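Descriptive structure summary
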Amino acid sequence: MKNCFFLCCLFVAANLFGQQPFVVKTENKPVDFRETQRQFNDWKKDKDLGKTRNWKHFKRWEYEMQMHTGGNGEPGDPTGYFEAAAEMARYKEQQQQSRSMMSNWYPVGPNVLPNNYTGYMENGVGRINCMAFDPISSSTFYVGVAQGGLWKTTNNGTSWTPLTDNLPITRISDIAIDPTNTNTMFVSVCDFEYIGFGLYLNGRKRHTHYGVGVYKTTDGGTTWNPTGLSFQLTDGDASLIRKIVINPANTSQVVACGVSGMYRSTDGGANWTQLMDTLFWDMVQDPTTPSTLYASSGWVLNSNMGYAAIYKSTDFGATWTLLNTGIPTTGTVQRIKLAIAPSNTNTVYALAVDAQSGLYRFYKTTNGGTNWNSITANVNVLDGNNGQGSGGQGTYDIGLLIDATDANKVFVGGVNMWLSADGANTFNPVAHWTTNYGPTLHGDIHYIDRQPQTGNVFVCSDGGIYRANNAIQSITWNQANNGNFWPTQWTKLNDNLQITSFYRISSSKSSQAELIGGAQDNASFYYDGTSWYTIFGGDGMDNAMYVNTPGSTIGSSQYGNFYLTFDGGQSSFGANANVGNENAEWVSPIIMDYNTSGTVYAGFENVTKSTDGGNSWSSISNFPTGFYGTEVVAIAVANSNANVIYAGKRVRYEYNEPGVLYKTINGGSSWTNITAGLPDSLYYTGIEIDETNADIVYVTMAGFVSGQKVFRSVDGGTTWQNISYNLPNLPVNCIKGIPSAGGDMLIGTDIGVYKLDYNANTWVNQSMGLPNVIISDIEFNVPANKIYVSTFGRGIWANDLSVFTDAGSAVTADSGLKLYPSVNNGSFTIEINEQLKDKTLQLEIIDVMGRVVAKEQLQGRPRYEQQVQVGAGMYYARLSGEGISAVKSFIVK
């Protein structure tokens, strides 16, 4: 792609300057990552971040970016990432071509939208970027998830089926359905919402949103193939495709646009012609004259690159005309969001986003773009509160829709939702991200659309998908503040969507199998063994569960704000673990000493300790402060000797402060720097100590430095051995020792799970059956015989611990099951290995959310004809018992 690399380089901090008031361009050139960190740190010194908005997505970006550096504080080459992701997809495809299944992983939830115990924020399940309606069946529609792929419902959102789990990446930004053959669809495989935060230059660990172009299916999503609109590995942000439209008069004609320009295909996507090479942020199609298209380009403040403008085509994208809108091309407007009035398609609205990501103004034409009027609205509809503030998140989340019958009725979604009845001159609120004014929408709205057959309005947000009839109403802020609830009734369609992005998980380590997970944008999710609950609030981060005390857990939100609950989240209170008021990492670590009741450790600039379950704390270290006050990011306490503790402090490139690993052998009275022999220019993501020998310790690293992923010491950190071996050049996000497995290790990476036997020198891929998403944490529950992994976009998955221990080492792929056909109507055949036919085995049918919907005992023969009474969707057949555990997925049509 011409100029793609140049585009990416200019985009490093493009949106940082547009979205963040704390980043200031000092020279006429892009600001590097280290400078943005320094400026943010200076900006926040005198700010109460609890009362300041529009900064959290910077911290998410920064946290993830540092996981993908090349070891010098600037992002590394993502080539290995792409290659590893593609290889993982090929590996799974090859395995699934056989009827045998080597997988043991199955989903465990969250299986419903949790009960809300936060007390103030509307809860959800995860970010949805876009949706599309089936043109024939009103009960069928699709959603594109930020990190969790494409999902389909055929029953109005009651149940959902994932369609893209085995794509190399599972990030979706747009969906286009062939109106003449609904089995044919195109998807944009990327996460466009973080434009400017590309993998090539900042490589977000959780929000890695790079694109692989446009993919196509001709069988309703069963199989997918890349189209001719694909990108080189180093294209970075230039690979992001924002919109795709199909010509209903000739469905071989497809138009797509994005960061690297405008493209057109006349052969169903096989080949594409680049018509323009400027950055495009939106494109809409005239509903009555589909050959008429409008598209908006954008300007990037930091690099002074691109220009804000609106184009029109009347020949389905073959040619384009630049319209005379009066919108400032550079210096003022970054993004333009478009919407056409269905009742009069000559009426088009353009919402212009300013340099601070707030509302600049609206522009409107009533004659198909010939003339435009500028409208200054009465409030900033992109503000996170009542519209009186400046700035917003308009380059991250924005939705715009015009009423079906009234061209003056305008719906806008930003952090909140607004409604105008007078053509965008004045707005009143429809919903607010908090529950202070009654039932509401989850904050951060990315998409608003109307279903053609029903007129229902759908909203996609950071919390999921919501539906209302077309009688959406607003009230004034005065009415809201005087106790009036929002009048619009929203139906939440988030049950059965396993799309939550988890940072960390913990389990109770008891047979009750409680879980807690910290979720991006959606607080912490707590599972009591039966039901799910949203607790604590904020962005859920690290956590720890108390042993043999049901309902008791400690969780956190960003920057080390820890909370305690002893009743499953019905009530909670702060745990002041930060006794020194120190800097804390975005995800601050917390661990429990499970051999010493009530002992908990947390990381800030120093390690703090509680011996009464988190009620009171004291500092047990006095690490060198350095220029900034670098944060502890990983802690481990030895199972065999509680006086041995390891703590890792993060690298701070912007202050030239290396990463440091410390160790104490006397419970914190004194600490030793044991970094020598370890890379100190990479972010330490995990520390694990052997369960029987406190001198055997492992450290994992993020980043794109080939061959520097996992290190082991057998002498307490005096010397280190690099055991990265055959691992791909990907960030390693976590490491855990398998209980009672003689030192065998599991790690979670950005594309899957790998196992290393203690005496081996080859990591074995254990990802079969898992979607191709980021593995963010690993947790064991010995009494429940479970391994849990959290993903960033596809919820929590489980496996039988016995599969990975010595007791289960005899289980092989050949002792699994065969299931066919893999796409069926609920009737299928199961075959098991002949040697297992006389064993008592249990067959469970598990739905996509982890619920057991059917079960049966199998014994006496190797072949069974099965039938289950279930609705359409994806299911997992799990066979277990007498030394076997195997899983096979299948789809019921």
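Nothing here was measured: the structure is a model prediction, and the numbers come from that model.

**Considerations on the packing of aromatic side chains**
Inspection of every chain in the model, using the stated rule, returns 29 aromatic pairs. When the centroid spacing of 6.3 Å and the interplanar angle of 65° are considered together, the rings of W418 and W477 count as edge-to-face. In this pair, W418 is assigned in strand β25 (residues 417–420) and W477 in helix α6 (residues 477–481), connecting sequence segments 59 residues apart. A relative accessible area of 1% places W418 in the buried class. In textbook terms, an aromatic cluster arises when at least three aromatic residues are bridged by ring pairs, as seen for F133, F141, W160 and F458. The lysine or arginine in question, R361, covers the ring of Y360, its NZ or CZ lying 4.6 Å from the ring centre. Lying across the ring of Y758, R712 places its NZ or CZ 4.6 Å from the centre.

**A few points about the environment of A647**
With respect to the helices, strands and loops of the structure, A647 is situated in strand β44 (residues 645–649). Spatially, the C-alpha atom of A647 lies 8.9 Å from that of N606, the residues being 41 residues apart in sequence. Among residues more than four places away in sequence, those in contact with A647 are V607, F623, V632, A634, I635, V660, L661, Y662, W671 and I687.

**A look at the nonpolar core**
Grouped together as the largest cluster of nonpolar side chains are 36 residues, with contacts concentrated most on M131, V143, I175 and I465. Going through the elements one at a time, β3 (128–133), β4 (141–145), β5 (149–153), β7 (172–177), β8 (185–189) and β28 (457–461) are the ones with two or more residues in this core. Per element, the largest residue contribution to this core is 5 residues, and it comes from β3. Not counting residues within four places of it along the chain, the set of residues in contact with I175 comprises C130, M131, A132, Y142, V143, G144, L150, F186 and V187. Of all hydrophobic cores here, the second largest spans 35 residues; its members include V108, F502, A519 and F780.

**Observations concerning the confidence of the model for the protein chain**
When the pLDDT values of the protein chain are averaged, the result is 88; 87% of them are 70 or greater. For residues 1–20, every residue scores under 50 in pLDDT, and the model assigns this stretch 78 contacts once sequence neighbours within four places are set aside. Below a pLDDT of 50 lies the segment residues 807–814, which in the model reaches 7 contacts outside its immediate sequence neighbourhood of four places, other chains included.

**Examining the side chain of S239**
Tracing the backbone through its elements, the reader meets S239 in the loop between β10 (225–226) and β11 (241–246). In terms of polar contacts, S239 uses its side chain to reach the backbone amide nitrogen of G211, at 2.8 Å. Every residue in contact with S239, bar those within four places of it in the chain, is listed here: Y210, G211, G213 and F231.

**Observations regarding the pairing of strand β52 (residues 745–749)**
Burial of β52 is extensive: 5 of the 5 residues sit out of reach of the surface. With burial as the criterion, each face of β52 is covered, one bearing M745, I747 and T749 and the other bearing L746 and G748. The pairing of strand β51 (residues 732–737) with β52 spans 5 bridges and is antiparallel. Within β52, the position partnered with G737 by the bridge is M745. Two elements, β52 and strand β53 (residues 753–756), share 4 bridges in a ladder whose sense is antiparallel. Residue pairing in the sheet places M745 in a bridge with L756 of β53.

About the thresholds
- Residues numbered from 1 in each chain as written.
- Predicted model: local features only at pLDDT ≥ 70, side-chain atom pairs only at ≥ 80, totals over all residues.
- Heavy atoms only, no water.
- Phe/Tyr/Trp six-rings, centres within 6.5 Å; stacked < 30°, edge-to-face > 60°.
- Helix = DSSP H or I, 4+ residues; strand = E, 2+ residues; numbered from the N terminus.
- Buried < 20%, exposed > 50% of the residue type's maximum accessible area, 1.4 Å probe, protein only.
- Lys NZ or Arg CZ within 6 Å of the ring centre and 35° of its normal.
- Contact = heavy atoms within 4.5 Å.
- Core = buried A, V, L, I, M, F, W, Y, C linked by side-chain atoms within 4.5 Å.
- pLDDT = per-residue confidence, 0-100.
- Polar contact = N/O pair within 3.5 Å; in protein donor to acceptor, adjacent residues only side chain to side chain.
- Pairing = 2+ DSSP bridges.

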